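Summary of structural features
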Amino acid sequence: ILKPLRVMELVCVRLEVSNDRCERTAAIKFIRRWISLALIDGLEIPICAVRSMVAIADSFATDVGLRSLCLSTLTTVLLKDPRTAIKNGALGTLFKFGCLDPVLSTIHMEPIVWTVVHVLQDANLRAYSRKQIAVDLMQVFTVFTDYRGGEGVPTPTEPLRGAGQSQKTAADEVHEIRCRCARRCICTLLCTVPGLLLLADNCEGLASLISLLKKPNDMMIVKELLTLFQDVLGWWCVPQFESSSAIY
């Protein structure tokens, strides 16, 4: 009865067009429950639900609570149906908000990264997932590689502009927080064999971070990278895991 009525499509439409927070929260919870039942019964996860979750999470008008619900749902979809999640843009959203957002990363970063590691271990999806994960993961690396903090800073002989200087300081503070989030994400990946192989094999991955240390232009980034490599080397050099572990 439900399938001909296209209930999921109607719920997704209400989720995207409604401005009522309670209604949107109820719609997300309905979608989460539908996905759970679909997984139990071995049914396909509705693509419209995944795309709606991605759209809501990507919207800057979405509050933290709703975005957190979307990220949690997308993480579940990535775990249970990686191909559908990656194909419909869920992975990029998870990295962007679940790993780089100062607030949401404290909740979602580790589940997302460990889910990615789990996907990388799937032999049936390895060739497909490695390429897509590497592409989406680049937005985490660009926090370090694309920042130009030194540009636009007045020299000692130039007059200081009050408003511009305040804006620059605020931008630097935001960037510093994002660097910490990116460092935690990359560090967690590098402390696993699948993550290490993925980043080492990508010329824009681990190699790009090492090249930043050779030509430093931002000491804050250098400090974060040195902390990153110190943590990673400390993990691999200390025998704190068993050889029988599936991850290692």
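Residues numbered from 1 in each chain as written. Predicted model: local features only at pLDDT ≥ 70, side-chain atom pairs only at ≥ 80, totals over all residues. Heavy atoms only, no water.

Where an unreviewed UniProt entry is consulted, the protein appears under the name Rapamycin-insensitive companion of mTOR N-terminal domain-containing protein, with the organism given as Perkinsus olseni. According to the UniProt record, the Sequence similarities (unreviewed entry) comment for the protein is "Belongs to the RICTOR family." (UniProt positions renumbered as here; feature names shortened; annotations may be inferred.)

1. Some details on the overall build of the protein
Counting its secondary structure elements, the protein contains 13 helices and zero strands. Helices and strands appear in the protein in the N-to-C order α-α-α-α-α-α-α-α-α-α-α-α-α. Counting over 248 residues, the protein shows a buried share of 43%. The long-range share in the protein, meaning contacts at least 24 apart out of those at least 6 apart in sequence, stands at 67%. (Helix = DSSP H or I, 4+ residues; strand = E, 2+ residues; numbered from the N terminus. Buried < 20%, exposed > 50% of the residue type's maximum accessible area, 1.4 Å probe, protein only. Contact = heavy atoms within 4.5 Å.)

2. A closer look at the nonpolar core
Counting 66 residues, the largest nonpolar core has I31, V116, F144, I186 and L209 as its most contacted members. Not counting residues within four places of it along the chain, the set of residues in contact with L209 comprises F141, F144, I186, L225, L228 and F229. (Core = buried A, V, L, I, M, F, W, Y, C linked by side-chain atoms within 4.5 Å.)

3. Things to note about the pattern of salt bridges
In this structure the tally under the stated criterion is seven salt bridges. As a salt-bridge pair, R180 and E176 come within 2.9 Å of each other at their nearest N and O atoms. Remark: E176 and R180 occur in helix α10 (residues 162-190); sequence separation between them is four residues, near one turn of the helix. R180 gets classed as partly exposed once you look at its relative accessible area, which sits at 40%. Residue R180 pairs with E224 through a salt bridge whose shortest N-O separation is 4.0 Å. (Salt bridge = Lys/Arg side-chain N within 4 Å of Asp/Glu carboxyl O.)

4. Some details on helix α4 (residues 47-58)
In this model, α4 (twelve residues) spans 17 Å end to end at C-alpha, consistent with the 16 Å of a helix rising 1.5 Å per residue. Considered for burial, the residues of α4 that qualify are A49, V50, S52, M53, V54, I56 and A57. (Expected span 1.5 Å × (residues − 1).)

5. Quick word on the packing of helix α5 (residues 64-80) against helix α7 (residues 90-99)
At a minimum axis separation of 10 Å, α5 and α7 run at an interaxial angle of 135°. Our classification of the angle between α5 and α7 gives oblique. With respect to the hand of their crossing, α5 and α7 are arranged in left-handed fashion. Residues R67, L71, L74, T75 and L78 of α5 lie in contact with α7, whose contacting residues are A90, L91, T93, L94, F97 and G98. When its residues are assigned to classes, the contact of α5 with α7 shows seven nonpolar, three polar and one charged. (Axes fitted to C-alpha atoms, helices over the stretch in contact; angles between N-to-C directions. Parallel < 35°, antiparallel > 145°, perpendicular 65-115°, else oblique. Left-handed = near helix turned anticlockwise from the far one by under 90°. Nonpolar A, V, L, I, M, F, W, Y, C, P; charged D, E, K, R; others polar.)

6. A closer look at the environment of R24
Structurally, the position occupied by R24 is in helix α3 (residues 21-41). Counting along the chain gives twelve residues from R24 to C12, while the straight-line C-alpha distance between them is 9.4 Å. Excluding residues within four positions of it along the chain, R24 makes contact with L15, S18, I56 and L66.

7. Quick word on the packing of α3 against α5
Between α3 and α5, whose axes approach to 10 Å, the crossing angle comes to 10°. The pairing of α3 with α5 is recorded here as roughly parallel in orientation. Once α3 is placed against α5, the crossing between them reads as left-handed. On α5, the residues touching R21, R24, T25, I28, R32, I35 and L39 of α3 are G65, L66, L69, C70, S72, T73, T76, V77 and K80. Looking at the contact of α3 with α5, its residues break down into seven nonpolar, five polar and four charged.

8. Structural notes on the confidence of the model for the protein
Per-residue confidence for the protein averages 79 on the pLDDT scale, and 83% of its residues sit at or above 70. Mean pLDDT values for the elements of the protein range from 48 in helix α1 (residues 2-5) up to 92 in α7. Overall, residues 150-166 carries pLDDT values under 50, and its contacts beyond four positions in sequence, including any with other chains, amount to eight contacts. Predicted confidence for residues 244-248 stays below pLDDT 50, and this span has 14 contacts to residues more than four positions away or in other chains. (pLDDT = per-residue confidence, 0-100.)

9. Details of the side chain of S68
Along the chain, S68 turns up in helix α5. Judged by relative accessible area, which is 17%, S68 ranks as buried. Residue contacts for S68: discarding those within four places in its chain leaves L104 and H108.

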